[in-house]
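# Chain and residue survey
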Amino acid sequence: MELNRRKDVVSLFLSYPPMNSMNKERHKNWVRDVLKINDKVRRETEMFSTGKIESVSDVFFETVKTIELLLKHSLDDIEAYVPPRIIKQMCWQTRPITWPDEKLSNLAVNFATRQILEEIENPEVQRIRVFEGDGIRVMLAVKGLPQIRKRFDIVLQVDTSSGIEENIAIQLGFSPNRGKLNEFLKTKSFLIFLDDGFGRTNLYEVGKEWWNSNNIQKIVCITRGQKIYPRTMTEDLLINLDDHLLPWQLFCLNFGKNVHLSCFQHKSIDVVEKCCGHLLAVVLMARALKRVRFDFSVWEHACYMLSLQHNRSQMVDRVLCNTLAFILGRCLDSAHECLKHCAFYMEREGRDKVGLIQEWIRHALIRNFDEGQKIVGDLVSAFLLESSENGSSVRIREEIREVLVNSLFLLRGGRGFTKEPSDEEWEVEIQLMNNKFSKLPNSPNRPQLCTLFLQNNRFLCAIPPLFFQHMPILQILDLSHTKIRSLPHSLFGLAQLKTLLLRGCKLLMELPPEVGELHNLKVLDFEGTEIIRLPVEVGKLTNLTSLKMSFYGDTNDRWKDDQYYPSKIIPQNVVSNLLQLEELIIDVSPDDKRWNSNVKDIVEEVCQLDRLNTLQIYLPEVLLLNDLWKNASSSSSLANISGMHFRFTVGSHMKRIISCVPLDVAAKFGEQERYLKYVNGECFPIEIEKILEEATAFVVY
């Protein structure tokens, strides 16, 4: 029983990438050996039961020795991604599994379907049993695939409650002549699904006369009941649907328990799904997203990056390539360069940490030893480097090395480029962040470009008017932390643009009304800009799920008599029109008097957003918090505050007061999921006490 359960678990791992080809073949050979010993045990048992042998001791002695040897099969390569305790729980079926929602169920069904499709190509596996969870959906998913109908001459579904072979004969028109049925099936490739409610059917007793090695012949048995453990060796492979929640379990383990408590659980499941069961990618993404916590736009960006397709024929690992593109796009320049150095120059067996850091210093990648130690720690924590047991040496994972070395487009960021890429370098996505561009081409013809990263080019002051004219399918554009003062007209013709990031563009003071033409936009982020007001046309962006805004324009009294200066920061009915919003961040100057006349209307509009799960807002008066709380409690629109991520600053808020907080404390405070800043408060009103019950962090000024 132990050997077969271990075989089933290894077979499951073989259906998930990544799996080094040499290791994969080693595991496949081991599974093959287990199937052979199973067949030998079945034959010897049958011989004993029919009296062909009188004693089993002599026959079974060699078999037991073989089984003991097979049980010593090493899973070290799998344990590089999956902790040994999880593997042990899977082998002993002791993992505490729950099915909290339909999305997780869909995830397990999809991965189980993929495993069955792979096993269909395995000639050693003819009889498969699926149990636990929603096995019937797996059957329907496999049956409905076009390649299945092409692959098999016969595809049948049979209920085992009445005679299996009789049922098949009737469906094929051979009743009651079983002999003709046997001869007919011997000449055909067939896939027969058995609906076996209680898992009592021994698949080796079904159709003993049908099998022909010249054809593809499979039986897939679905056990509907929960917690039914079929008898051992009654099938070649047992697929436990619960086990196919492994990628989700790995994500949760590496991200932390907060993924269950937050309203970002569905986003987490989306990330795991986009990873396509790639176990290394799942771990890398979980650790990367743990660092950004619950920044909705980053999670949206992560899902998009994981979905990118490639035109590169040499790209054998699309998912890992996309994962590394996402991680390196957020990586510090020095860490980026150090990882590249490891990819190209580190020996396979690794390098001692001290020697590696000294080498980085010699190549001017870092300034000092302390910086090197921190980078090593960060790369190990991110799962990009692997540390030895005693922590004295590190090595780069071979899968990561292979992708980095063969994907030069991943290495363009942070190279100090001052000129744009050549024509052949512009592909589906291009990463040119952290460079020194001061000028861009006037009108590049890039019809296949989907993603363009230009963030952190701090010498880039202007974008040519026609720059985006020939980028018809651009979907993600990041211009964050550049010195641009305006957006070119051609940008607003990007009909497929979904993400526009202008974060930290401190010289940008105006968002043109043409932004309302970007009807497919889902994420708009201009935090850290000097925008004076939000154009009313933003209300047309009804597909927005994330909107992050900063308004820190010049609000001196000298503007108060200017007829062109807006009296309100956010026009009325703009926010309430964005019904798909899940994240809303409004950052305003505490000295901007326009906000005091605008905020009450905004609070009322926010309360109409039933999908909202993240809210950051400044409320000058405590009574406004009361309005928000009452509307959230009584309205059928705004999501319950107790289930939200919120960042509220309440009270008379002056910049000079906030600036007294140490930077490290402020940074730590900003990482909290639900925080409250109470400014200039002389007492604690009931409204503050109510919010405190839900807050994870609180500060009083």
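That block above? That's the structure.
For the structure given in this document, a descriptive report is provided here. (Residues numbered from 1 in each chain as written. Predicted model: local features only at pLDDT ≥ 70, side-chain atom pairs only at ≥ 80, totals over all residues. Heavy atoms only, no water.)

### Examining the overall build of the protein chain
Counting secondary structure elements, the protein chain contains 25 helices and 19 strands. Split into buried and exposed, the 701 residues of the protein chain put 54% on the buried side. Partitioning the contacts of the protein chain with sequence separation of at least 6, the portion at a separation of at least 24 is 66%. For the protein chain, the exposed surface amounts to about 32,000 Å²; the carbon and sulfur share of it is 50%. (Helix = DSSP H or I, 4+ residues; strand = E, 2+ residues; numbered from the N terminus. Buried < 20%, exposed > 50% of the residue type's maximum accessible area, 1.4 Å probe, protein only. Contact = heavy atoms within 4.5 Å. Areas by Shrake-Rupley, 256 points an atom, 1.4 Å probe, with all protein chains shown as cover.)

### What to know about the packing of helix α17 (residues 333-345) against helix α20 (residues 398-406)
Their axes nearest at 9 Å, the elements α17 and α20 cross at an angle of 100°. In terms of orientation, α17 lies roughly perpendicular with respect to α20. From α17, L339, C342, A343 and F344 reach across to α20, where they touch R401, L404 and V405. Looking at the contact of α17 with α20, its residues break down into six nonpolar, no polar and one charged. (Axes fitted to C-alpha atoms, helices over the stretch in contact; angles between N-to-C directions. Parallel < 35°, antiparallel > 145°, perpendicular 65-115°, else oblique. Nonpolar A, V, L, I, M, F, W, Y, C, P; charged D, E, K, R; others polar.)

### Here's the deal with the nonpolar core
Nonpolar side chains tend toward joint burial in soluble globular proteins. Counting 116 residues, the largest nonpolar core has F13, V82, F251, L289 and W360 as the members making the most contacts within it. For this core, the leading source of residues is helix α14 (residues 279-292), giving 11 residues. With near-sequence residues (within four places) excluded, L289 lies in contact with F251, F255, V271, V298, W299, A302 and F326. Counting 72 residues, the second largest nonpolar core, distinct from the first, contains L454, L491, L500 and M644. (Core = buried A, V, L, I, M, F, W, Y, C linked by side-chain atoms within 4.5 Å.)

### Looking at the side chain of K340
Within the secondary structure, K340 sits in helix α17. The buried category is assigned to K340, whose relative accessible area is 8%. Within the local environment of K340, its side chain forms a polar contact with the side chain of E337, the two groups lying 2.7 Å apart. (Polar contact = N/O pair within 3.5 Å; in protein donor to acceptor, adjacent residues only side chain to side chain.)

### Structural notes on the state of the cysteines
Within the structure shown, the criterion is met by zero disulfides. Summary of cysteine pairing: C342 is not part of a disulfide, and the nearest cysteine sulfur, belonging to C338, is at 7.1 Å. Using a relative accessible area of 0% as the deciding quantity, one classes C342 as buried. (Disulfide = S-S within 2.5 Å.)

### Notes on the pairing of strand β1 (residues 127-131)
Across the five residues of β1, five count as buried, placing the element largely inside the fold. Burial along β1 is two-sided: the residues R127, R129 and F131 and I128 and V130 are all buried. Summarising the sheet, β1 and strand β4 (residues 217-222) pair through four bridges and their orientation is parallel. Of the residues in β4, the one forming a bridge with V130 is I222. (Pairing = 2+ DSSP bridges.)

### Description of the pairing of strand β8 (residues 393-396)
On any regular strand, side chains alternate: one points to one face of the sheet, the next to the other face. The alternating pattern of β8 places V394 and I396 on a buried face, while none of S393 and R395, on the opposite face, is buried. Both strand β7 (residues 385-387) and β8 contribute to a ladder of three bridges, which runs antiparallel. Paired with S387 across the bridge in β8 is V394.

### With respect to the pattern of salt bridges
For the structure on display, the rule yields 26 salt bridges. Across the pair R32 and E124 runs a salt bridge whose closest N-O atoms are separated by 3.4 Å. In this pair, R32 is assigned in helix α2 (residues 21-49) and E124 in the loop between α6 (102-120) and β1, connecting sequence segments 92 residues apart. Accessibility expressed as a relative area gives 24% for R32, which makes it partly exposed. Between R151 and E121 there is a salt bridge whose closest N-O contact spans 2.5 Å. Taken together, the residues R151 in helix α8 (residues 146-151) and E121 in the loop between α6 and β1 connect sequence positions 30 residues apart. Shared partners join several salt bridges into a network, and the residues in it are R129, D196 and E235. (Salt bridge = Lys/Arg side-chain N within 4 Å of Asp/Glu carboxyl O.)

### Observations concerning the packing of aromatic side chains
Counting across every chain of the model gives 12 aromatic pairs. Centre to centre, the rings of Y16 and F111 are 5.4 Å apart; their planes meet at 70°, and the pair counts as edge-to-face. Here Y16, found in the loop between α1 (2-14) and α2, pairs with F111, found in helix α6; they are 95 residues apart in sequence, far enough to count as distant. You can call Y16 buried: its relative accessible area is 2%. Its relative accessible area of 6% is what places F111 among the buried residues. Their ring planes at 15° and their centres at 4.8 Å tell us that F646 and F648 sit as a pair that is stacked. (Phe/Tyr/Trp six-rings, centres within 6.5 Å; stacked < 30°, edge-to-face > 60°.)

### With respect to the sheet that holds strand β3 (residues 190-195)
Sheet architecture is open: five strands sit in the order β2-β3-β4-β1-β5, paired in parallel fashion. Pairing within the sheet leaves two strands with one partner each, and these edge strands are β2 (154-159) and β5 (237-240). Neighbour to neighbour, the strand axes of the sheet diverge by 15° on average, direction disregarded. Across four bridges, the pairing between β1 and β5 is parallel. Directly across from I128, in β5, lies its bridge partner L237. In the packing of helix α7 (residues 135-143) onto the sheet, the strands contacted are β1, β2, β3 and β4, and the crossing angle to β3 comes to about 160°.

Nothing here speaks to function; it is all geometry.
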